[in-house]
Amino acid sequence: MIRKKNLVFLGPPGAGKGTLSAPLMEDEKLAHISTGDILRAEIAAGTELGRSAKSFMDAGKLVPDEVVAGMVGKKLASAECASGFILDGFPRTVAQAGLLEEAMAKIGMKLDGVILFDAPEELLLKRLTARIMCRKCNTGYNKIFCPPKKEGVCDKCGGELYQRSDDSLETAKNRLAVYREQTAPLIEFYRAKGLLFTIDSSLPKQEGYDALRAVLQ
Ligand code: ADP
Ligand code: ZN
């Protein structure tokens, strides 16, 4: 069981990290830091950072460690993270985990737990290629598993739903390979620190959320 609430969500793309972040942040009043969402906001705003990140993202590759670690460090030091946070999609390499430790040590924070979202690859590909999200509020939907009430429109805010350019079959396959090679080593890294808790993320949303609640106190 994890008592305090400084959490990392670790797992392949499509495992449901973002999906289960939404109810947990609401129920526990946690801040949600998604490096993917921050990068997409930079791209939408046309910033220098966004421009340089886009080519990596469209190829399904990782954005350089220092870039994402810098973004996360700033967020962690902000007031919204003081009573707990979910890091969704960061760290994604062992080097990023080291940078995270340094950044947290500087501001007197520590991680309480890392939740590993585990699901088979065929399911992940099915989920990724049917995934759509809201341009305004980033809520995720799925054409097969979790459709919106009205096609193309966000249930929550009425915003337009779109398919991410990196959710094509080819790019999704690349992202899964990048996960296996560069991110999966973090499983042993955090297991060795006694921080790892695994949940079955092939479950539908509500059951997945119950499994998540069961490891949190
Ligand atoms: P998902 O978990 O669905 O793959 P994200 O929205 O977390 O998607 O990430 C989308 C893309 O953003 C990644 O493929 C990568 O290019 C970039 N990205 C996000 N987080 C990181 C990170 N921690 N390190 C490097 N690149 C990242
Ligand atoms: Zn919305």
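Residues numbered from 1 in each chain as written. Chains lettered and ligands numbered in written order. Predicted model: local features only at pLDDT ≥ 70, side-chain atom pairs only at ≥ 80, totals over all residues. Heavy atoms only, no water.

## Description of helix α2 (residues 35-44)
Rules: Using a 1.4 Å probe on the protein chains alone, a residue whose accessible area is under 20% of its type maximum counts as buried, one over 50% counts as exposed, and one in between counts as partly exposed. Working definition: helices are DSSP H or I runs of at least four residues, strands are E runs of at least two. Numbering for both runs from the N terminus.
All buried positions along α2 are accounted for by Thr 35, Gly 36, Asp 37, Ile 38, Leu 39 and Arg 40. At the C-terminal side of α2, Gly 46 shows a positive phi close to 70 degrees.

## A few points about the sheet that holds strand β7 (residues 161-162)
In plain terms, the rule: Strand pairing requires that DSSP identify at least two bridges connecting the strands.
Taken in spatial order, the three strands of this open sheet run β6-β5-β7, and their pairing is antiparallel. Of all the strands in the sheet, the pair left with one neighbour each is β6 (140-142) and β7. Bridge count between strand β5 (residues 131-134) and β6: three bridges; the pairing is antiparallel. Bridging across to β6, Met 133 finds its partner in Gly 140.

## So, unusual backbone geometry
In this structure, the amide linkage connecting Phe 90 to the following residue, Pro 91, adopts the cis form with an omega of -5 degrees. Following the sequence through the fold, Pro 91 ends up in the loop between β3 (85-88) and α5 (94-106). Although it is not a glycine, Asn 138 adopts a positive phi angle of roughly 70 degrees. By the element assignment, Asn 138 lies in the loop between β5 and β6.

## Focus on the sheet that holds strand β4 (residues 113-118)
The following threshold applies: Think of each axis as a best-fit line through the C-alpha atoms, taken over the contacting stretch in the case of a helix, with angles from 0 to 180 degrees between the N-to-C directions.
With parallel pairing, five strands are arranged side by side in an open sheet as β2-β3-β1-β4-β8. Each of the sheet's edge strands pairs with one partner strand only, and the pair in question is β2 (31-34) and β8 (196-200). Averaged over all neighbouring strand pairs, the angle between strand axes comes to 20 degrees, with direction disregarded. Of the strand pairs in this sheet, strand β1 (residues 6-10) and β3 are connected by four bridges, and their pairing is parallel.

## Section: the environment of Arg 51
Tracing the backbone shows Arg 51 in helix α3 (residues 48-58). A relative accessible area of 55% places Arg 51 in the exposed class. Linking Arg 51 and Leu 39, residues twelve residues apart in sequence, is a C-alpha distance of 9.6 Å.

## Some points on the pairing of β3
Regular strands place their side chains on alternate faces of the sheet. By the alternation rule, side chains of β3 split into Phe 85 and Leu 87 and Ile 86 and Asp 88, which are all buried. Across four bridges, the pairing between β2 and β3 is parallel. Residue pairing across strands places His 32 opposite Ile 86, the latter belonging to β3.

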